[in-house]
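Spelled out, the chains give:
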Amino acid sequence: MAGHSKWKQIKHRKAAADAKRGQAFTKLIKEITVAARHGGDPAGNARLRSAIEAERAANMPSDNIDRAIKKGTGELEGVTYEEVVYEAYGPGGAAIMIQVTTDNLNRTVAEIRHMFSRFGGNLGAPNSVAWLFDKKGQIYLDATRYDEDAVMEAALDAGAEDVVRESDQFVITTQPGDLHAVVDALRARNIQPVESELALKPKNTVTVQGPDAARLIKLVDALEELEDVAKVFSNFDIDAETLAAVSG
């Protein structure tokens, strides 16, 4: 999934600026609150641990993290959020999975439909594109900092399924339950991930070119800007030069 991973790499470069925005903090708080419903101890809750690590990477104060956990476990009163996954096709026939955390589904779906109306594509029925993706753990590393053989050895020894280099990043894929064990193994060898997440990895990719590529990237960016949208995954493959140009 070269194109999609390259797109994530571009998003990483924008992360420092994005993390300063209140909207980014709001999304992180929502994720940790929802994750904590399944238990407030990150040692036994992989999703919560991922959420906490993401919040710390964004320099969120510990007090905010603690309050979000307590709202999720019910120790503090908080907003009731629903989690929904919308499936869609975007410009160029790219399949899109949109993970949503919201307190108002009517508002959220109206906002999402508006983005598809603006940039192209349409929402699909349940399971219309979900079968095109597998749930995986994914870890992203700065390839300019680490030796490829060392990364490969550390990751595979820890149980990773695959390690690939895409431009100046390594993408490590794991089974969902192995994600944090692999992250810990990398850190034990002084290899620090840029990001780790539970992701929807496409089984195959769809090449998108020209105007469709530009509209698709604008659509995905617009969806991610929506406050209720937690994550967006797609199976597009756009060449790196075009991707950089339309994401600049």
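Note that the structure is a prediction, hence the values are computed from the model and not measured. (Residues numbered from 1 in each chain as written. Predicted model: local features only at pLDDT ≥ 70, side-chain atom pairs only at ≥ 80, totals over all residues. Heavy atoms only, no water.)

J.: How would you sum up the side chain of Gln138? Please name residues and give values.
T.: On the secondary structure map, Gln138 appears in strand β4 (residues 133–142). For Gln138, a relative accessible area of 1% puts it in the buried group. Within the structure, Gln138 has its side chain in polar contact with the side chain of Thr173 (distance 3.2 Å). (Helix = DSSP H or I, 4+ residues; strand = E, 2+ residues; numbered from the N terminus. Buried < 20%, exposed > 50% of the residue type's maximum accessible area, 1.4 Å probe, protein only. Polar contact = N/O pair within 3.5 Å; in protein donor to acceptor, adjacent residues only side chain to side chain.)

J.: Would you mind going over empty space enclosed by the protein in detail, with residue names and values included?
T.: Tallying each qualifying case throughout the model produces one cavity of 30 Å³ or more. Here the largest cavity is characterised by a volume of approximately 30 Å³. What lines the largest cavity is Lys27, Lys30, Glu31, Thr101, Glu227, Asp228, Val229 and Ala230. For the lining of the largest cavity, the secondary structure elements donating two or more residues are α2 (22–35) and β9 (229–234). For the lining of the largest cavity, the element with the highest residue contribution is α2, accounting for three residues. Counted by class, the lining of the largest cavity contains two nonpolar, one polar and five charged residues. (1 Å grid on protein atoms, 1.4 Å probe; cavity = no way out; pocket = protein on both sides within 12 Å on 5 of 7 lines; lining within 4 Å. Points joined across faces, edges and corners; volume = space filled by probe spheres on them. Nonpolar A, V, L, I, M, F, W, Y, C, P; charged D, E, K, R; others polar.)

J.: So, a negative patch on the surface: which residues are in play, and what are the values?
T.: A surface patch of negative charge is lined by Asp147, Glu148, Asp149 and Glu153. Among the structural elements, Glu148 can be located in helix α6 (residues 148–157). (Patch = residues over 30% accessible without salt bridge, like charges linked within 9 Å, V, L, I, M, F, W, Y side chains within 5 Å. Areas by Shrake-Rupley, 256 points an atom, 1.4 Å probe, with all protein chains shown as cover. Salt bridge = Lys/Arg side-chain N within 4 Å of Asp/Glu carboxyl O. Lys, Arg positive; Asp, Glu negative; His and termini not counted. Charge placed at Lys NZ, Arg CZ, Asp CG, Glu CD.)

J.: Go over the environment of Gln192 with me, naming the residues and quoting the values.
T.: Secondary-structure assignment places Gln192 in the loop between α7 (179–188) and β7 (195–202). A relative accessible area of 36% means that Gln192 is categorised as partly exposed. It is 9.4 Å that separates the C-alpha atoms of Gln192 and Tyr146, two residues lying 46 residues apart in sequence. Once residues lying within four places of it in the same chain are set aside, the contact partners of Gln192 are Leu141, Tyr146 and Arg187. (Contact = heavy atoms within 4.5 Å.)

J.: I'd like a description of the pairing of β4, backed by residues and values.
T.: The buried count for β4 comes to seven of ten residues, which makes it a mostly enclosed element. Of the pairings in the sheet, the one linking β4 to β7 comprises eight bridges and is antiparallel in character. The residue of β7 that forms the bridge with Phe133 is Pro202. Direction of pairing for β4 relative to strand β6 (residues 169–174): antiparallel, over a ladder of six bridges. Across the sheet, residue Leu141 finds its bridge partner in β6, namely Phe170. (Pairing = 2+ DSSP bridges.)

J.: I'd like a description of the sheet that holds strand β5 (residues 162–166), backed by residues and values.
T.: Read from one edge to the other, the open sheet built from four strands follows the order β5-β6-β4-β7, with strand pairing classed as antiparallel. Of all strands in the sheet, those with a lone pairing partner are β5 and β7, marking the two edges. This sheet shows a mean twist of 35° between the axes of neighbouring strands, independent of strand direction. In the sheet, β5 pairs with β6 via five bridges, with the strands oriented antiparallel. What sits directly across from Glu166, in β6, is Gln169. Seen against the sheet, α6 touches β4, β5 and β6 and runs at an angle of roughly 155° to β5. (Axes fitted to C-alpha atoms, helices over the stretch in contact; angles between N-to-C directions.)

J.: Please give an account of α6 that cites residues and values.
T.: Of the residues making up α6, those classed as buried are Val151, Ala154 and Ala155. Buried residues of α6, seen end-on, are gathered within an arc of 95° and therefore sit on one face of the element. Facing away from the buried side of α6, by more than 90 degrees, are the exposed residues Asp149 and Asp157. As for α6, its buried residues are in contact with β4, β5, β6 and α7. A side-chain oxygen of the first residue of α6 lies 3.1 Å from the backbone nitrogen of Asp149; this N-cap is Asp147. One or two residues past the end of α6 sits Gly159, with phi positive at roughly 105°. (Arc of directions from axis to C-beta.)

J.: So what about the nonpolar core? Which residues, and what values?
T.: Considering soluble globular proteins, one finds that nonpolar side chains tend to be buried as a cluster. Counting residues in each nonpolar core, the largest one holds 25 residues, and the members touching the most others are Ile96, Ile98, Ile112 and Leu223. Where this core is concerned, the elements lending two or more residues are β1 (82–89), β2 (95–102), α5 (105–119), α8 (210–225) and β9. No other element matches the seven residues that α8 contributes to this core. In contact with Ile96, other than residues within four places in its own chain, are Tyr86, Glu87, Ala88, Gly90, Phe116, Val129, Leu216, Leu219, Leu223, Val232, Phe233 and Ser234. Residues Ile139, Val151, Leu179 and Val183 belong to the second largest nonpolar core, which totals 16 residues. (Core = buried A, V, L, I, M, F, W, Y, C linked by side-chain atoms within 4.5 Å.)

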